Amino acid sequence: MNIERNDIAVITGGGSGLGKAFGEEAARRGMRVVIADIEKDSMKQTVEELREQGATAIGVHTDVTDSASVEALSETVADRFGIPNLVFNNAGVASGGPIWESTEKDWKWVCAVNVDGVANGVRTFTPRMLEAAKKDPRYKGCVVNTASMAGLVTAPGMGIYSVSKHAVIALSECLYHDLELMGDQVTTAVLCPSYVTTNISQSYRNRPADLANDKGPTKAQLATQAISSKDLANGSLSAAEVARITFEAIGNGRFYIYPSPELLPIVKNRLDHIAHGTNPDIPYDEIPMFKERRDQLQAALSN
Ligand SMILES: NC(=O)c1ccc[n+]([C@@H]2O[C@H](COP(=O)([O-])OP(=O)(O)OC[C@H]3O[C@@H](n4cnc5c(N)ncnc54)[C@H](O)[C@@H]3O)[C@@H](O)[C@H]2O)c1
């Protein structure tokens, strides 16, 4: 779709990392920007920074796990600006380690933000966007869901995060097929970044108290956190670069958005095993990052 000046962008998780970068890119393109986040201070700070750059921006305190909160967000956007053209269902949190060590509360928290959060955004905004399309043949909209390369591959210690991101890929593909039945004014895209340096390794900062674990992390979970933090710190692309690639891809009507296409052979390797019915087998020697992850996790598990 053509992204026009004055178009409206709503970004969940817009107060930090990738979401903040989407806000900055949207502002650079003259869009009106809505930052929706559970973390009030970073949300306010981001809105102030966007306004200082001359953008029209507002912040709406939102918890994506709560459908009423997302509904209230869409009403505020409609009252203040109108029906959004770009909806970024981007808020997300991370948790890893051997999958049998994740607690029930880990599952509830990660799936609530990463899966229910996207579903709430899709369910709330898509009908309004389709309605806007019916009323105005010039209206264009796109629902952009942030998944991850972890939604396309599996590896040791990726745990619930990988499960949740696979769900976001499936949800987005289903949305794509369903929207195709409705014409071409409202589309969808799914973003699959690899490691980007953001604040995701401190996701626990927004974990609700009632979903806090009773015990601290296990050795294997700590090992996974350490290796993930290292990989995140070494991310080859900045959040700003991922945002630029994402907006360009939306402009070109691309569904799958791959900021790090050099990793696609790992996806093909996995899909080949699925298609041939052969057992999962990661080509570790070709992916030092995964090899290190496996080795560190194995060392922690054998201690
Ligand atoms: N950083 C990476 O390497 C990477 C790679 C692939 C995918 N992603 C995905 O990118 C998205 C953004 O993450 P990020 O890396 O920018 O991390 P981040 O921690 O910097 O930003 C995430 C934002 O989501 C917000 N958030 C958390 N829970 C929320 C809730 N319940 N309601 C509303 N907002 C909430 C946080 O306050 C924060 O502002 C996530 O979906 C993440 O899974 C990140």
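Use the structure listed above.
Note on numbering: residues in each chain are counted from 1, in written sequence order. Where totals are concerned, whole chains, interfaces and linings use all residues; where local detail is concerned, this predicted model gives features only for residues with pLDDT of at least 70, and gives and counts side-chain atom pairs only at 80 or more. Working from all heavy atoms in the structure, the side-chain values ignore hydrogens and water.

Q: Explain helix H3 (residues 67-80) to me, using residue names and the numbers behind them.
A: An ideal rise of 1.5 Å per residue puts 20 Å on 14 residues; H3 measures up with 20 Å between its terminal C-alpha atoms. Of all the residues in H3, the buried ones are Ser69, Val70, Leu73, Ser74 and Val77. On an axial view of H3, the arc spanned by its buried residues comes to 140 degrees, and they lie on one face. Away from its buried face by more than 90 degrees, H3 exposes Ala68 and Asp79. Contacts between residues were defined by any pair of non-hydrogen atoms, one from each residue, lying within 4.5 Å. Each helix is a run of H or I in the DSSP string that is no shorter than four residues. Each strand is a run of E no shorter than two, and both are numbered from the N terminus. Lining the buried residues of H3 we find strand E1 (8-12), strand E2 (32-37), strand E3 (57-61) and helix H4 (104-135). Two or three places before Ala68, at the opening of H3, Asp66 has a side-chain oxygen 3.1 Å from that residue's backbone nitrogen. Just beyond H3, the residue with positive phi is Gly82, at close to 130 degrees. A helix's residues, less one, multiplied by 1.5 Å, set its expected span. Working definition: with a 1.4 Å probe on protein chains only, accessible area under 20% of the residue-type maximum means buried, over 50% means exposed, and in between means partly exposed. Note: the arc covers the axis-to-C-beta directions of the helix. Identification of polar contacts relies on pairs of N or O atoms within 3.5 Å, with a donor-acceptor requirement for protein atoms, meaning one able to donate a hydrogen and the other able to accept it, and with residues adjacent in sequence counted only if both atoms are side-chain atoms.

Q: Can you explain the sheet that holds strand E7 (residues 256-257)? Please cite residues and give values.
A: The seven strands are arranged E3-E2-E1-E4-E5-E6-E7 in an open sheet whose pairing can be described as parallel. At either end of the open sheet lies a strand with only one pairing partner, and these are E3 and E7. Here a strand pair is declared whenever DSSP counts at least two bridges between the two strands. Across five bridges, the pairing between E1 and E2 is parallel. Each bridged residue has a counterpart across the sheet, and for Ile8 the counterpart in E2 is Arg32. Helix H2 (residues 40-52) rests against E2 and E3 of the sheet, and its axis sits at about 170 degrees to E3. All axes here are fitted lines through C-alpha atoms, helices being fitted over the stretch that makes contact, and every angle between N-to-C directions spans 0 to 180 degrees.

Q: Could you give me a rundown of the pairing of E3, with the residues and numbers involved?
A: A regular strand places its side chains so that they alternate between the two faces of the sheet. Pairing of E2 with E3, which is carried by five bridges, proceeds in the parallel orientation. In the sheet register, Val33 faces E3, and the bridge partner there is Ala57. This β-α-β element, E2 to H2 to E3, shows right-handed connectivity. Assignment of crossover handedness uses the view with strands pointing away from the viewer, where a clockwise path from the first strand over the helix to the second indicates a right-handed crossover.

Q: Pulling in residues and values, what's your account of the site of the ligand?
A: Neighbouring residues are identified by heavy atoms, a residue being near a molecule or strand if any of them is within 4 Å of it. In the vicinity of the ligand, 31 residues are found, and the nearest of them are Ser16, Asp37, Tyr161, Val196 and Thr198. Contact between the ligand and Asn90: an oxygen atom at 2.8 Å from a main-chain N or O atom of the residue. The contact in question runs from an oxygen atom of the ligand to an N or O atom on the side chain of Lys165, over 2.9 Å. With the chains in place, 98% of the 830 Å² that the ligand exposes on its own is no longer accessible. Elements with a minimum of two residues in the shell around the ligand: helix H1 (17-28) and helix H5 (159-180). Only the protein chains shown count as cover for residues, with accessible areas throughout obtained via the Shrake-Rupley method and a probe of 1.4 Å.

Q: Before we move on, could you go through the nonpolar core and cite the residues and values that matter?
A: Note on terminology: a nonpolar core comprises buried Ala, Val, Leu, Ile, Met, Phe, Trp, Tyr and Cys residues joined through side-chain atoms within 4.5 Å. Within the largest apolar cluster, 50 residues are counted, with the highest numbers of intra-cluster contacts made by Val34, Leu73, Phe125, Met129, Val190 and Phe290. Listed by contribution, the elements that provide at least two residues to this core are E1, E2, E3, H3, H4, H5, strand E6 (186-191) and helix H8 (264-276). With 32 residues, the next largest nonpolar core counts Ala57, Leu86, Leu191 and Val196 among its residues.

Q: Tell me what's going on with the packing of helix H6 (residues 219-233) against helix H9 (residues 288-302), and back it up with residues and numbers.
A: To characterise two packed helices, one gives the angle between the axes of the helices and the distance between these axes. The N-to-C vectors of H6 and H9 enclose an angle of 160 degrees; their axes lie 8 Å apart at closest approach. One finds that H6 runs roughly antiparallel with respect to H9. You can see that H6 and H9 cross each other, and the crossing is right-handed. Here H6 contributes Lys219, Ala220, Ala223, Thr224, Ile227, Ser228, Lys230 and Asp231 to the contact with H9, which in turn contributes Met289, Glu292, Arg293, Gln296, Leu297, Ala300 and Leu301. Tallied by class, the residues present in the contact of H6 with H9 amount to seven nonpolar, three polar and five charged. In these notes the angle categories are as follows: under 35 degrees is roughly parallel, over 145 is roughly antiparallel, 65 to 115 is roughly perpendicular, and the rest is oblique. Definitions for this section: a left-handed crossing has its near helix turned counterclockwise from the far helix by less than a right angle. A right-handed crossing has that turn clockwise. Residue polarity is assigned by list, with Asp, Glu, Lys and Arg as charged and Ala, Val, Leu, Ile, Met, Phe, Trp, Tyr, Cys and Pro as nonpolar; anything else, Gly included, falls into the polar class.

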